[in-house]
Amino acid sequence: MKQIRQETLRRIISLVLLIVLIIVFTMTTDTFLSWDNITSMLREAAFVGLISIGITTCIITGGNNLSGGLTVGMCCMVFAHLYHYSSMSLIAIVLISLLAGLAAGVFNGFVVAILQISDFVATLSTGMVFQGITYMLAVRDQYGSITSEMIKNATVSSWGGRLPNGIYYVTIVWLILTVIMQVFLKKTKMGTYIYAMGSNRKSAEYSGISFVKVKMVAFIIAGFMSFVAAMFTLGRNGTCDVNTGTQLNLQAISASVIGGAAFSGGRGDMIGTLIGVLFMQVLRNGVLKFNMTTAQQSIISGIIIVLMLVFDAYYNEFMQKRTTRAAALAREKESAGK
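For clarity, every value in this text was computed on a predicted model and none was experimentally measured.

Chemist: Explanation requested: the state of the cysteines in the structure shown.
Modeler: Among covalent bonds in proteins, the disulfide is the one between the sulfur atoms of two cysteines. Counted by the stated rule, this structure contains zero disulfides. In this model C76 remains outside any disulfide bridge; the closest cysteine sulfur is found in C240, 4.6 Å from its own.

Spelled out as structure tokens, the structure:
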């Protein structure tokens, strides 16, 4: 129960900080709470949010995933390559792109779980592999130079569309997948295994939980989420280049941590990550409206994110000490009772 209360408190803190940020930008800008700006923020948040779902799952296991954004770029380029150079149907191209995302997850799981390489080093290295594949498959002009040709397909374009009320399809899919993954983590046996592995790997393995299986599931989920983000990226942009997705991974990791996920593992959920993603997007959007230079925007955003991460580190340390003291007090009372 205490762990649940701690997670709830952490989530409330993140939510309060998000509300404060919204109030500040609402009072200092005229268009922040306009419906067009809200729907635009939710759309941009969705791309980071989709990747954050997979990354949060990996972090809960006690690991990380530095290749999520590069997997997005690879899935996009697989689609673009097949679309330009083959006569396959759209369904076949989508399925192969899906397989590429899942294969990336399996490959990450293999390197981490089977080869026993740390998540940080493993996914940093596999990310380079995925980026290399992206360059290999890049669409080129008649002179062999990499180019970005438009994907002129009505169905693909519709993926970037929105409902009559202005809500984009990617936002809806992101929210649905967030709910599904929240239920998966909190209500299924595999979800329990994921938390157990992150909390204490040795104890989890002694209980019969497979480290390999848990890691594989987490990375496959991450690969699938990157695929979903890739398809909506194609729908929004109508094209793909070799840099697609490269900026998303750090944002997704920051959002996960701001939302309460701990690098030590065993803590975090999708509701917290949702709040973290919204915090990141509100921050980026609000700073943009002050007409600052790109350098100034980066500095201010970076400082706020660093402060949030420092706060999270101190919060984790405080709660750990609190739990330790409570456990020691309980043992003293038990000894006194005897």
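Chemist: What exactly am I supposed to notice about the pattern of salt bridges here?
Modeler: Once their charged atoms are close, side chains differing in charge can pair, the charge on each being opposite to the other. As enumerated under the stated definition, the model contains five salt bridges in all. Measuring nitrogen to oxygen at the nearest pair gives 2.9 Å for the salt bridge that ties K215 to D119. With K215 in helix 10 (residues 211–237) and D119 in helix 5 (residues 119–137), the pair connects residues that are 96 residues apart, well separated along the chain. Relative accessible area serves as the criterion here: at 11%, D119 is assigned to the buried category. Here E205 and R201 are joined by a salt bridge, their closest N and O atoms 3.4 Å apart.

Chemist: Where do I start with the packing of aromatic side chains in this structure?
Modeler: Both the distance between ring centres and the angle between the ring planes are used here to describe each pair of aromatic rings. Across all of its chains, the model carries five aromatic pairs by this definition. Pairing F25 with F32 gives two aromatic rings, centres 5.7 Å apart and planes at 45°, and the pair type is tilted. Each of the two residues, F25 as well as F32, counts as buried. With a centroid separation of 6.1 Å and an interplanar angle of 70°, the aromatic rings of F79 and W159 are classed as edge-to-face. Here F79 is found in helix 3 (residues 68–85), whereas its partner W159 is found in the loop between helix 6 (154–158) and helix 7 (169–187), with 80 residues between them in sequence. On the basis of relative accessibility, which here comes to 0%, the residue F79 falls in the buried class. Three or more aromatic residues link up through ring pairs in this structure, and these residues are F79, Y83 and W159. Above the face of the Y168 ring, R43 is positioned so that its terminal group lies 4.4 Å from the ring centre. Of note, R201 hangs over the ring of F211, and the distance from its end group to the ring centre comes to 3.6 Å.

Chemist: I would appreciate a short explanation of unusual backbone geometry in the present structure.
Modeler: A negative phi angle characterises most non-glycine residues, just as the trans form characterises most peptide bonds. A positive phi angle is found at Q116, which is not glycine, with a value near 60°. As for its position among the elements, Q116 is in the loop between helix 4 (90–114) and helix 5.

Chemist: Explanation requested: the side chain of T178 in the structure shown.
Modeler: Relative to the helices and strands, T178 resides in helix 7. Taking relative accessible area as the criterion, T178 reaches 4% and is therefore assigned buried. Non-local contacts of T178, meaning those with residues more than four positions away in its chain, are made with I53, M270 and L274.

Chemist: For this particular structure, what's the right way to read the packing of helix 11 (residues 248–258) against helix 12 (residues 270–288)?
Modeler: Each packed pair of helices is defined by two parameters, the angle between the axes and the distance between the axes. Here helix 11 crosses helix 12 at 120°, and the two axes come no closer than 7 Å. Considered as vectors, helix 11 and helix 12 are oriented oblique to each other. Read as a crossing pair, helix 11 and helix 12 show a hand that is right-handed. Here Q251, S254, A255, S256 and I258 of helix 11 lie close against helix 12, whose contacting residues are T273, G276, V277, F279, M280 and R284. Class assignment of the residues belonging to the contact of helix 11 with helix 12 gives a composition of five nonpolar, five polar and one charged.

Chemist: What is the right way to look at the environment of T155 in this model?
Modeler: Of note, T155 is situated in helix 6. Here the alpha-carbon distance between T155 and G132, two residues 23 residues apart in the chain, equals 28 Å.

Chemist: How should the environment of M74 be read in this particular structure?
Modeler: Tracing the backbone through its elements, the reader meets M74 in helix 3. In this structure M74 touches A100, A104, F130, I133 and T134, once residues within four positions along its chain are discounted.

How each quantity is defined
- Residues numbered from 1 in each chain as written.
- Predicted model: local features only at pLDDT ≥ 70, side-chain atom pairs only at ≥ 80, totals over all residues.
- Heavy atoms only, no water.
- Disulfide = S-S within 2.5 Å.
- Salt bridge = Lys/Arg side-chain N within 4 Å of Asp/Glu carboxyl O.
- Helix = DSSP H or I, 4+ residues; strand = E, 2+ residues; numbered from the N terminus.
- Buried < 20%, exposed > 50% of the residue type's maximum accessible area, 1.4 Å probe, protein only.
- Phe/Tyr/Trp six-rings, centres within 6.5 Å; stacked < 30°, edge-to-face > 60°.
- Lys NZ or Arg CZ within 6 Å of the ring centre and 35° of its normal.
- Contact = heavy atoms within 4.5 Å.
- Axes fitted to C-alpha atoms, helices over the stretch in contact; angles between N-to-C directions.
- Parallel < 35°, antiparallel > 145°, perpendicular 65-115°, else oblique.
- Left-handed = near helix turned anticlockwise from the far one by under 90°.
- Nonpolar A, V, L, I, M, F, W, Y, C, P; charged D, E, K, R; others polar.

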